[in-house]
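# Structure assessment
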Amino acid sequence: VISPNPSKNNLNIKLPETNSDMQLEVFDVLGKRVYKGLITQLESSVNVSSWKSGVYLVRISDDKSTQTKRFIKQ
């Protein structure tokens, strides 16, 4: 779950479960990666206050699966 969406300052990510570290990548609409990090717990937060306004794709993946969600930065 991604919240709040849209957001001005923070992107909060809540995972239902995690067996291993998840990789977090965020891409802008042009496909350029603007953020890369690791999620090591069920709830984490990314500061997005310096990002440009617009639509981003948030991709969370591990060895077995990948999930992509849309995120709007105000």
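This text follows the structure it describes.
Residues numbered from 1 in each chain as written. Predicted model: local features only at pLDDT ≥ 70, side-chain atom pairs only at ≥ 80, totals over all residues. Heavy atoms only, no water.

## Regarding the side chain of Asp 28
Considering the arrangement of structural elements, one finds Asp 28 in strand 3 (residues 22-28). Notably, Asp 28 is buried but unbridged: the nearest opposite-charge side chain belongs to Lys 32, and the N-O separation is 4.8 Å. Within the local environment of Asp 28, its side chain forms a polar contact with the backbone nitrogen of Leu 30, the two atoms lying 3.0 Å apart. Discounting chain neighbours no more than four positions away, the residues touching Asp 28 are Val 34, Val 55 and Tyr 56. (Helix = DSSP H or I, 4+ residues; strand = E, 2+ residues; numbered from the N terminus. Buried < 20%, exposed > 50% of the residue type's maximum accessible area, 1.4 Å probe, protein only. Lys, Arg positive; Asp, Glu negative; His and termini not counted. Salt bridge = Lys/Arg side-chain N within 4 Å of Asp/Glu carboxyl O. Polar contact = N/O pair within 3.5 Å; in protein donor to acceptor, adjacent residues only side chain to side chain. Contact = heavy atoms within 4.5 Å.)

## Observations concerning unusual backbone geometry
At the junction of Ser 3 and Pro 4, the peptide bond is cis and its omega measures out at -20 degrees in the coordinates. With respect to the element layout, Pro 4 can be found in the loop between strand 1 (2-3) and strand 2 (10-14). Of note, the bond from Asn 5 into Pro 6 is cis; its omega dihedral lies within 30 degrees of zero at 5 degrees. By the secondary structure assignment, Pro 6 is in the loop between strand 1 and strand 2.

## Structural notes on the sheet that holds strand 7 (residues 66-73)
The antiparallel open sheet is built from four strands, whose spatial order is 4-3-6-7. The sheet is open, and its two borders are formed by strand 4 (33-39) and strand 7, each paired with just one other strand. The average angle at which neighbouring strand axes cross in this sheet is 20 degrees, direction not considered. Bridge count between strand 6 (residues 54-61) and strand 7: eight bridges; the pairing is antiparallel. Residue Arg 59 lies in a different strand from strand 7, and its bridge partner there is Thr 68. (Pairing = 2+ DSSP bridges. Axes fitted to C-alpha atoms, helices over the stretch in contact; angles between N-to-C directions.)

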